[in-house]
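Residue-level listing of the chains:
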Amino acid sequence: LKYLFLHGQQYNNDDPLHLPGPGGEEAEVPIGENAYDCSLAWVSCDRDLESEEWERARKVRLAMSVAIDRQKLVNNIALGEGSPWYIPSWGESARYRQFGLDQLVHEYDPARARQLLVEAGYPDGFEIDMFLIQGLSPGTVTAAEAVATMWEDVGIRTKQEFVPRATFRPQRVSRVAKGVQTYSSGGGVEPVRN
């Protein structure tokens, strides 16, 4: 498992690239209806980063992150051959260092995850669709199923569905998918990074 993508939070759906041209031309990058769905626990209905609504959604996303024991995934699924990963690989590493993101760590803390969910207004947790897509890295689905178990321990229930990548990709491209998706790219120096 390399990534878990959270869908439903297309905040910039009013960007000119996503809107029809002045003469009615198709948008340069069309997105589907409801690509921004703030009924989802991890999505804010208010785009103001200082708003209470944004803070609640941020707490949900943080709870989802700290509820994952990344080292356990490395130890048990990759047999110790890997390292925990906290930010996507396609970012610019120099920028990570500039903003201190290369030091970012979300320690496994299920008690904190449960507390964050309570603070966000989800004392009983919530349900999320989980799209299990094998991808190119071994262990992708197995790791996602393990994450689902960890989330369940803090009250986040997953509705899991095995989906071929080719079937799911149009939902991803048009931004209409809702839930969490497994994703892995090609091999790297380490066999599995979580």
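In this report, we go over the structure that sits alongside the text. (Residues numbered from 1 in each chain as written. Predicted model: local features only at pLDDT ≥ 70, side-chain atom pairs only at ≥ 80, totals over all residues. Heavy atoms only, no water.)

1. Here's the deal with the pattern of salt bridges
Then comes step 1: Tallied over the entire structure, the rule returns 5 salt bridges.
Then comes step 2: Linked by salt bridges that have partners in common, Glu52, Glu53 and Arg56 make up one network. (Salt bridge = Lys/Arg side-chain N within 4 Å of Asp/Glu carboxyl O.)

2. Remarks on the sheet that holds strand β2 (residues 126-132)
Hydrogen bonds between backbone groups are what pair the strands of a sheet, and the pairing can be parallel or antiparallel.
Then comes step 1: An order of β1-β4-β2-β3 is seen for the 4 strands of this open sheet, with the pairing classed as mixed. In this open sheet, the two strands that pair with only one neighbour each are β1 (3-7) and β3 (156-162). If you compare each strand with its neighbour and ignore which way they point, the axes differ by 30 degrees on average.
Then comes step 2: Contacts from helix α5 (residues 140-152) reach β1, β2, β3 and β4 (179-183) within the one sheet, and its direction differs from that of β3 by about 155 degrees. (Pairing = 2+ DSSP bridges. Helix = DSSP H or I, 4+ residues; strand = E, 2+ residues; numbered from the N terminus. Axes fitted to C-alpha atoms, helices over the stretch in contact; angles between N-to-C directions. Contact = heavy atoms within 4.5 Å.)

3. Digging into the packing of aromatic side chains
Then comes step 1: Throughout the structure, instances matching the rule amount to 2 aromatic pairs.
Then comes step 2: Here the aromatic rings of Trp42 and Phe126 are separated by 6.1 Å at their centres, their planes lie at 40 degrees, and the arrangement is tilted. Residue Trp42 is found in the loop between β1 and α1 (52-66), and its partner Phe126 is found in strand β2; the two are separated by 84 residues along the sequence.
Then comes step 3: Seen from their ring centres, Tyr122 and Phe126 are 5.6 Å apart, and the 65 degrees between their planes marks the pair as edge-to-face.
Then comes step 4: Grouped by ring-pair contacts, the aromatic residues Trp42, Tyr122 and Phe126 constitute a single cluster.
Then comes step 5: The lysine or arginine in question, Arg61, covers the ring of Trp54, its NZ or CZ lying 5.6 Å from the ring centre. (Phe/Tyr/Trp six-rings, centres within 6.5 Å; stacked < 30°, edge-to-face > 60°. Lys NZ or Arg CZ within 6 Å of the ring centre and 35° of its normal.)

4. Remarks on the side chain of Ser65
Then comes step 1: Inspection of the secondary structure puts Ser65 in helix α1.
Then comes step 2: Residue contacts for Ser65: discarding those within four places in its chain leaves Arg70 and His106.

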